[in-house]
Each structure stands twice: as C-alpha cells, then as structure tokens.
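Coordinate analysis (summary)
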Amino acid sequence: MANKLINQMGLPKSIANIFTARNVITAKDALSHTEFELMELLDVGKEEVTSAMAHVSEVVCPPCQTALLLLEQRVRNECMAGHLPTRLKGLDEALCGGIPFGVLTELVGPAGIGKTQFCLKLSLLASMPANCGGLDGRVIYIDVESKFRSKRLIEIGINSFPEIFLKKGMAQEMAGRILILRPTSLSEFAESLHQIKVSLLQQQVKLLIIDSMAALVLGERDCGASRQQALGWHVSFIKYEPYRYHGVVVTHTIFTVALAIYLRLRTSTFFIEVLILKACRSLAEFSRIPVVLTNQVRSQIGDESRMYSFQAAQSRSIIKDNPATYDSHLVAALGINWAHAVTIRLVLEARSGQRFIKLAKSPISPALAFPFKITSSGMVLLDDDGVEMKGPEISTINCQGLSLSSLAVSSAEYFLTKNT
C-alpha cells in the first residue's frame, strides 16, 4: 500500500498535480516528510497539507475488518473466480468445486504415476462447451517433456464423454482448442511468456498447464542446498513485486532484463527461475484462470531439509556416527521454496501397490488421500471419502509396491496399444 500512486488516491486534482510536479509520486514519498517539509516542498498552506496527508493515511492504512466481513468478501471473490471441476467427486468436494481460478495448483509425483493423465483430462474439461459442464475455452499446454499424446486425449474424451465426442467433428473441434508449446530450455520458455500473456487475452484461454516445471528448471543445472537457500531469498525478496510496481507489465519488463543478463552471462539461474514462477502467479491472478504445474520427485536424505550450513554440518556428523538414523525418501524435485509459492499441492503416490492422490496443501481443506486408478477414461477415484492425514505422512511421497517402470507402462498402455 505504501507504493500506491498519489494520483490514484482520490485527492483533488489540483493538489495531486502539485504532488506529481514535485516528484512526490507514491504514498511512501508523501509520508516520508513532515507536514512542514511538505508545506515548503509543495508551496501550499498547512490546511491543504494536513487534509491531503489525512486522506493519504486513511487510504494506505485501511480500518480493521471483522472475520465475518472477510468471509463475505471471500465468498464473493470465489463466485466471481470459480473453479474447474475435475469430475473426481471426492476431490472436487474437498476443493469446494475443483481446481480454483487465479492461483497455482501443483501436481507432484514419480514418473508414470498419472500426472500427465490428470492434465489431459483437465484440458478436455476446460475446452468442453459450457452447457456440458466445461469452460468453453482454449487451453495452453506447455509440454516440456513431449509427453502429450493426442490419441490418448481423444480416447479419454470418448470414454469419459461419449455423448459429446461421438458427435461428428466434435473430437477435432475439442482437440483444436488445445494449443501445445514445447520449449526446449528455460530461456526459451521465458521468451514465450509474453506470447502466453497475449494469448490469454485474445484467444479466450481458460487453462494454462506446464508439464513439467521441474524439467525446465532441472534441465538448466543441478540441485543443491545452496541453490535452495538462494532461491528462498529471491522468493521472499520479490514476493510482493507485482503490486509494488503496479501490475504484470512491469513484471515482464524486469523479467526481460533478467533474461537478457542470463542469456549474456550464463550465470546462476536462481533469479530467472523465481521470476518464471512469479510470472506464472501473476498470469493466474491477472487472467483469473487456473494454472496447473507438474513437479517431479527426487531422492532426499534426512539432513537435506536443514536449510542452514551449520545445521547440515551438524546433521552430517550425526549420520556418520549412526547411518541408520536417517532413511532416503522421495521429495518434490524443486524443493520447499516452490511448495510455498503454490496454493494447492496434489501429491500422486503409490503405497502397497495402490495409487493415491493426496491433497497435501490447501487453504480450505484438511490433508486428504484418495485411492485411484488409471483407466481408459483417465483417472478414476476408487473411494470418494478421503482419508485424513496427519504429521509427516502429509508431505512424504511414497512409491511402494509398484516399480517406476511398471507405473510408466500402466499409465501409457492405453495410447501405446493404439500404435500396435
């Protein structure tokens, strides 16, 4: 609020013009001076300065709000924003309608568990006509790992919505609404962000999918604890950057400058990564559409979660004395800082041969786990009553009872059979 423009605060035009002419642009600029300093700087009387400063203070320091008022505002905002139903009853109920608009939703899981299958189904739901329960819009699908399969998409549609897809020409029309981008590097993806922003406005895009964000980032450089520390610092540093600089346009300007430096120097990509994530959040908030990112998994030893060097050193000495103290397990590839940047996190895992989709992070629901399977119609829940999770179970990612190779074959068997 301190960076709100003086000329946007409803001051009389005459006094607002004087502030601007004296290079007092924001509320922070004005409130950094005493009334007497402003009288001298603006060359106006005490009464005008006092009145203007009282008005500026009132705008940047809004009155306290009750919990009831905040609840009513949230209900109004949700009605305006809406959700993209996943057609998975238990998950939609937990999310109060489906994937929310205007925020980032992350899918995390091992290869072949069903992340792309879920994204394909969401693409169909967003492109379906409104009278059939869809959003009747276009989809931008950023296919980083070239896993998108049109045949599988059509198969999911035919088996899930036969009354729509069996109509003449409907399958082609639905597939034509899904725009595929395949960037080969982080910098190429960065350069396409402006094109994506324009498409969101001009082509009635109702869903943005990035499959996968981890492949973009990890393809540029190796992971490490020091990377996570730097990444966390940059996330906190630019957390409120779009508001301070009055919108997405300035975000893109800063992004372009950082990209030019990165392309010229080829140094650390910490800052460019965070700007990409921040740009995605800005796109979600600016366009009020759901943005879905997929994230891979990697192995992690117990001390890696310790963020500071002295903690890691201390933990390594403990492991050396007692190696059995810590066990390796799977964690999200992009680390805890990325987890903080998303609003919804869905974890796909396998335990004792059974797949589960876990609602691991949500501001409106407890952590729940739903068993599922992959069929010819995509992901299907086996039980709509989720099991509530507690403690470490929420963030732990399991891959027990199903090998990664069998997971990949199981997820791909439907569209591979089409080619044989």
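These lines cover the structure that appears in this document, whether it is placed above or below. (Residues numbered from 1 in each chain as written. Predicted model: local features only at pLDDT ≥ 70, side-chain atom pairs only at ≥ 80, totals over all residues. Heavy atoms only, no water.)

1. Focus on the overall build of the protein
This is how the line gets drawn: The numbering of helices and of strands both runs from the N terminus, where a helix is a DSSP run of H or I of at least 4 residues and a strand a run of E of at least 2. Categorising residues by exposure relies on relative accessible area from a 1.4 Å probe, with only protein chains included: less than 20% of the type maximum marks a residue as buried, more than 50% marks it as exposed, and the intermediate range marks it as partly exposed. Under the convention used here, a 1.4 Å probe and the Shrake-Rupley method define accessible areas, while residue burial counts only the protein chains that appear.
Helices and strands together make up the secondary structure of the protein, namely 19 helices and 14 strands. Every one of the 420 residues in the protein was classed for burial, and the buried ones make up 46%. Here the protein has roughly 20700 Å² of accessible surface; of this, 57% comes from carbon and sulfur atoms.

2. Considering the packing of aromatic side chains
Rules: Two rings from Phe, Tyr or Trp (for Trp, the six-membered ring) form a pair when their centres are within 6.5 Å of each other. A pair whose planes differ by under 30 degrees is stacked, one over 60 is edge-to-face, and the rest are tilted. Definition used: whenever NZ (Lys) or CZ (Arg) falls within 6 Å of the ring centre and also within 35 degrees of the ring normal, the charge is taken to sit over that ring.
Overall, the coordinates contain one aromatic pair when judged by the stated rule. With a centroid separation of 4.9 Å and an interplanar angle of 65 degrees, the aromatic rings of Tyr141 and Phe148 are classed as edge-to-face. Pair check on accessibility: Tyr141 and Phe148 agree, each one buried. Directly above the aromatic system of Phe356 lies the positively charged group of Arg351, at a separation of 4.0 Å from the ring centroid.

3. Details of the side chain of Arg152
Selection rule: Between N or O atoms, a polar contact is any pair within 3.5 Å; within protein, one atom must be a potential hydrogen donor and the other a potential acceptor, and residues adjacent in sequence are included only when both atoms are from side chains.
With respect to the helices and strands, Arg152 occurs in helix α8 (residues 150-160). Under the relative-accessibility criterion, Arg152 is labelled buried at 0%. Within the local environment of Arg152, its side chain forms a polar contact with the backbone oxygen of Thr375, the two atoms lying 2.8 Å apart.

4. Considerations on the packing of helix α3 (residues 35-42) against helix α4 (residues 46-60)
We count it as follows: Angles here are taken between N-to-C directions and fall from 0 to 180 degrees, while the axes themselves are lines fitted to C-alpha atoms, restricted in helices to the stretch in contact. Two helices that cross are described as forming a left-handed crossing if the nearer one is turned anticlockwise from the farther one by less than a right angle, and a right-handed crossing if clockwise. Note on contacts: a residue pair is in contact if any heavy atoms of the two residues lie within 4.5 Å. Polar here means any residue outside two lists: the nonpolar Ala, Val, Leu, Ile, Met, Phe, Trp, Tyr, Cys and Pro, and the charged Asp, Glu, Lys and Arg; Gly therefore counts as polar.
For the pair α3 and α4, the least separation of the axes is 9 Å and the interaxial angle reads 115 degrees. The hand of the α3/α4 crossing is right-handed. Residues Glu35, Leu38 and Met39 of α3 form the contact with α4, whose participating residues are Lys46, Val49, Thr50 and Met53. Partitioning the contact of α3 with α4 into residue classes produces four nonpolar, one polar and two charged.

5. Comments concerning the pattern of salt bridges
Counted only if it meets this: Any Lys or Arg side-chain nitrogen located within 4 Å of an Asp or Glu carboxyl oxygen qualifies as a salt bridge.
Evaluation of the coordinates by the stated rule reveals nine salt bridges. The partner of Glu173 in a salt bridge is Arg177, with the nearest N and O atoms 3.0 Å apart. When its relative accessible area of 17% is taken as the criterion, Arg177 is described as buried. A salt bridge links Glu349 to Arg351, with the shortest nitrogen-to-oxygen separation between them at 2.2 Å. Across the pair, Arg351 and Glu349 agree in class, each one buried. Here the residues in one salt-bridge network are Asp136, Glu173 and Arg177, joined through shared partners.

6. Structural notes on the environment of Gly10
Relative to the helices and strands, Gly10 resides in the segment before α1 (13-21). Residue classification places Gly10 among the exposed residues on the basis of a relative accessible area of 64%. A C-alpha to C-alpha distance of 9.0 Å links Gly10 and Val56, two positions 46 residues apart in sequence.

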